[in-house]
Amino acid sequence: MDNKTLTGKIYDIQGFSVQDGPGIRTTVFLKGCPLRCPWCHSPESQRFETELNWMDIRCIGVDECGKCLDVCPHGCITRGPATQNAAGEAITYPVVDKTKCDECGLCAKACKATALYMCGKDTTIDEVMRRIKHDRPFFENSGGGVTVSGGECLSQPEFTIELLRQCHELGIHTAVDTTGFVQWNVIEKALPYTSLFLYDLKCMDSALHKQVIGVPNELILENARKIAEAGGKLWIRIPTMPMFNESEEAYRVVGEFLTPIKDAVVMVQLLPYHKMGVSKYARLLRKQQVFVAEPPSEELMNARKTQLEAMGFPVRVH
Ligand code: SF4
Ligand code: SF4
């Protein structure tokens with residue numbers, strides 16, 4: 001496959017990102033993830049398929065418009081109950097029965113307000129590289145680059161590795177944002193073109209990891225060790241979750257795991273849980289349990305930062 005036919009299933013490309021590695025970056029978000037973190041901030045990334053999403057705030061109502069009701073070939077869309085919009089005005093929204101939907105996208109095409117929209121687009125390497133080349137001056141002035149993220153971007157290995165290779169060839173700093181739950185042979189192929197791995201460590205207890213996230217952690221820990229041994233650089237990210245991994249003991253075990261590979265660890269970033277992703281679940285039009293809790297306090301986050309710094313790691317919160 002060449003640049004014009006090799007595609008990745010992409011759900012967003014964000015420029016001016018300062019959260020996904022050093023400097024100003026362009027982050028390419030790929031769809032699909034083998035993990036199911038209950039606190040996931042991008043639930044639209046979880047499934048590998050393109051899917052219909054919904055944002056009520058954009059809808060002008062079925063009485064004003066109603067185009068989506070007319071086009072669905074399976075009769076999935078009906079009038080909902082009368083309600084109020086965010087401004088307190090009377091409105092009737094459409095209701096989508098996702099159990100009958102085959103994601104054909106006709107309603108999204110008909111919805112000029114983009115209240116209904118498809119998430120996930122097959123995008124060629126050429127298309128992504130055009131965007132990256134456009135953003136390139138911002139990388140050069142800030143020490144930034146390109147981050148390939150997800151979902152789990154290495155679940156689309158051919159596309160991700162080719163994208164990294166082309167960026168690397170242009171001298172652009174590349175970061176891979178990964179869960180680490182990937183076969184080693186894929187990481188090994190990505191390594192020569194990856195300046196930095198943004199690497200999540202969520203829980204050191206494999207049974208608990210499996211119970212909460214759906215997969216065990218042995219592969220993730222093994223891959224972190226192998227990346228370090230192979231000379232790769234790790235920017236460790238710890239999403240810090242109430243009642244899961246926030247304890248002093250949990251952080252002690254993380255620190256002990258990282259100590260033998262300290263030379264490879266350029267940063268440990270602590271990411272306190274926040275509720276900002278919760279509203280996204282309603283957009284998915286499917287029943288999915290949402291995890292909601294109180295965020296960890298600033299005091300707790302600073303204590304965990306100090307704890308890891310005392311073990312010799314560079315640490316930042318957020
Ligand atoms: S995407 Fe689903 S709801 Fe929309 S028109 Fe197609 S089948 Fe109907
Ligand atoms: S087509 Fe879009 S704006 Fe019109 S009623 Fe349907 S969802 Fe709302």
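Residues numbered from 1 in each chain as written. Chains lettered and ligands numbered in written order. Predicted model: local features only at pLDDT ≥ 70, side-chain atom pairs only at ≥ 80, totals over all residues. Heavy atoms only, no water.

**What about unusual backbone geometry?**
Residue Gly151 is reached from Gly150 by a cis peptide bond, and omega for that bond is 5°. Structurally, Gly151 is set in the loop between strand S8 (145-149) and helix H4 (157-169). Despite not being glycine, Thr114 has its phi angle at roughly 55°, a positive value. Within the secondary structure, Thr114 is located in the loop between helix H2 (106-110) and strand S6 (116-119). (Helix = DSSP H or I, 4+ residues; strand = E, 2+ residues; numbered from the N terminus.)

**What about the site of ligand 2?**
Residues in close proximity to ligand 2 include Trp54, Cys59, Ile60, Gly61, Cys65, Gly66, Cys68, Pro94, Cys111, Ala113, Ala115 and Leu116, which together make up its full environment. Per-class residue counts for the shell around ligand 2 are 10 nonpolar, two polar and no charged. (Near = heavy atom within 4 Å. Nonpolar A, V, L, I, M, F, W, Y, C, P; charged D, E, K, R; others polar.)

**As for the nonpolar core**
Residues Leu258 and Val268 are the most contacted members of the largest nonpolar core, which totals 51 residues. When neighbours within four sequence positions are excluded, Leu258 is seen to be in contact with Leu201, Ile236, Val265, Val268 and Phe313. Ranked by size, the runner-up nonpolar core spans 17 residues in total, among them Trp54, Cys72, Tyr93 and Cys107. (Core = buried A, V, L, I, M, F, W, Y, C linked by side-chain atoms within 4.5 Å. Buried < 20%, exposed > 50% of the residue type's maximum accessible area, 1.4 Å probe, protein only. Contact = heavy atoms within 4.5 Å.)

**So, the packing of aromatic side chains**
Summed over the entire model, instances satisfying the criterion amount to four aromatic pairs. Here Tyr11 and Phe29 contribute two aromatic rings whose centre-to-centre distance is 5.6 Å and whose plane-to-plane angle is 45°, an arrangement assigned as tilted. A residue pair is termed long-range when its members are at least 10 positions apart, and Tyr11 in strand S1 (residues 7-17) and Phe29 in strand S2 (residues 25-30) qualify at 18 residues. Each of the two residues, Tyr11 as well as Phe29, counts as buried. Considering the side-chain rings of Trp39 and Phe244, the 5.4 Å spacing of their centres and the 45° angle between planes classify their relative orientation as tilted. Separated by 205 residues along the polypeptide, Trp39 in the loop between S2 and strand S3 (51-54) and Phe244 in the loop between strand S11 (234-240) and helix H8 (248-258) bring together distant segments of the chain. The residues Trp39 and Phe244 share a single accessibility class, namely buried. Positioned above the aromatic ring of Phe313 is the side chain of Lys262, whose terminal nitrogen or guanidinium carbon lies 5.1 Å from the ring centre. Over the ring of Tyr251 we find Arg304; its NZ or CZ atom is 5.9 Å from the centre of that ring. (Phe/Tyr/Trp six-rings, centres within 6.5 Å; stacked < 30°, edge-to-face > 60°. Lys NZ or Arg CZ within 6 Å of the ring centre and 35° of its normal.)

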